[in-house]
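Residue-level structure breakdown
Each chain, letter by letter, is given below.
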Amino acid sequence: NTVHDALSSGDEYKGYYMTTDGLVDPYGSLVTPSTDPMDAADYIVKRNLRPDAVLILTDGYVESSPNWQVTAPTLWLVTECKTFSPPAGRLVRAN
């Protein structure tokens, strides 16, 4: 079991707590189980958050033209799709 599996909305475990949007770690970072990076962007924009940086881990198979409205520096770590180009920020390909 992961921490994410063990919690329901509003629960807390070792500094982690569950929201309806995903798991938040003790430092306030959102860890979302979503397969769509835009869910993280929507979370940031809707709450008017100002993160120092955003790290997106993805296979790179996302919608063709994501509307990325996050202004924070963003690093995209892509594991599979060789044709993925991030809508903003920098790209790192995992081999």
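Residues numbered from 1 in each chain as written. Predicted model: local features only at pLDDT ≥ 70, side-chain atom pairs only at ≥ 80, totals over all residues. Heavy atoms only, no water.

1. A look at the side chain of Thr74
The cut-off we apply is this: Secondary structure elements are taken from DSSP: a helix is a run of H or I of four residues or more, a strand is a run of E of two residues or more, and numbering for both begins at the N terminus. Think of a polar contact as two N or O atoms within 3.5 Å of one another; within protein, one of them needs to be a possible hydrogen donor and the other a possible acceptor, and neighboring residues in sequence only count if both atoms come from side chains.
Tracing the backbone shows Thr74 in strand E6 (residues 74-78). Of the polar contacts made by the side chain of Thr74, one reaches the side chain of Trp68; its length is 3.4 Å.

2. Overview of the packing of aromatic side chains
Let me state the cut-off plainly: Pairing of aromatic side chains here covers Phe, Tyr and the six-membered ring of Trp, requires ring centres within 6.5 Å, and sorts the geometry by plane angle: under 30 degrees stacked, over 60 edge-to-face, intermediate tilted.
Considering all chains together, one arrives at two aromatic pairs under this definition. Their ring planes at 45° and their centres at 5.4 Å tell us that Trp76 and Phe84 sit as a pair that is tilted. Through a chain of ring-to-ring contacts, the aromatic side chains of Trp68, Trp76 and Phe84 assemble into a single cluster.

3. What about a nonpolar patch on the surface?
Our working definition: Patch definition: residues with relative accessible area over 30% and no salt bridge; like charges joined within 9 Å; nonpolar side chains (Val, Leu, Ile, Met, Phe, Trp, Tyr) joined within 5 Å. Using a 1.4 Å probe, accessible areas were evaluated by the Shrake-Rupley method; residue-level cover was limited to the displayed protein chains. Counted as salt bridges are all cases of a side-chain nitrogen of Lys or Arg within 4 Å of a carboxyl oxygen of Asp or Glu. The buried label goes to any residue with under 20% of its type's maximum accessible area, the exposed label to any with over 50%, and the partly exposed label to all in between, with areas taken from a 1.4 Å probe on protein chains only.
A surface patch of nonpolar side chains, about 360 Å² in accessible area, is lined by Leu55, Leu57, Leu75 and Val92. You can see Val92 is positioned in strand E7 (residues 90-93). Given the relative accessible area of 36%, Val92 is considered partly exposed.

4. Considering the sheet that holds strand E5 (residues 54-58)
Our working definition: Criterion used throughout: strands pair if DSSP finds at least two bridges between them. For every element, the axis is a line fit to its C-alpha atoms; helices are fit only across the contacting stretch, and the angle between N-to-C directions ranges from 0 to 180 degrees.
Read across the open sheet, the three strands follow the order E5-E6-E7; overall the sheet is parallel. Edge positions in the sheet fall to E5 and E7, since each has one partner strand and no second. The sheet shows a mean angle of 20° between the axes of neighbouring strands, taken without regard to direction. Bridge count for E6 against E7 is four bridges, and the pairing is parallel. Considered in E7, the bridge of Trp76 is made with Leu91.

5. Focus: unusual backbone geometry
One non-glycine residue, Asn48, lies in positive phi territory at about 55°. Mapped onto the elements of the fold, Asn48 is located in the loop between helix H2 (37-46) and E5. Judged by relative accessible area, Asn48 falls into the exposed class, the value being 51%.

6. Section: the pairing of E5
Burial along E5 is one-sided: the residues Val54, Ile56 and Thr58 are buried and none of Leu55 and Leu57 is. By the bridge criterion, five bridges tie E5 to E6 in an arrangement that is parallel. Of the residues in E6, the one forming a bridge with Leu55 is Leu75.

The values are spatial; any link to function lies outside them.
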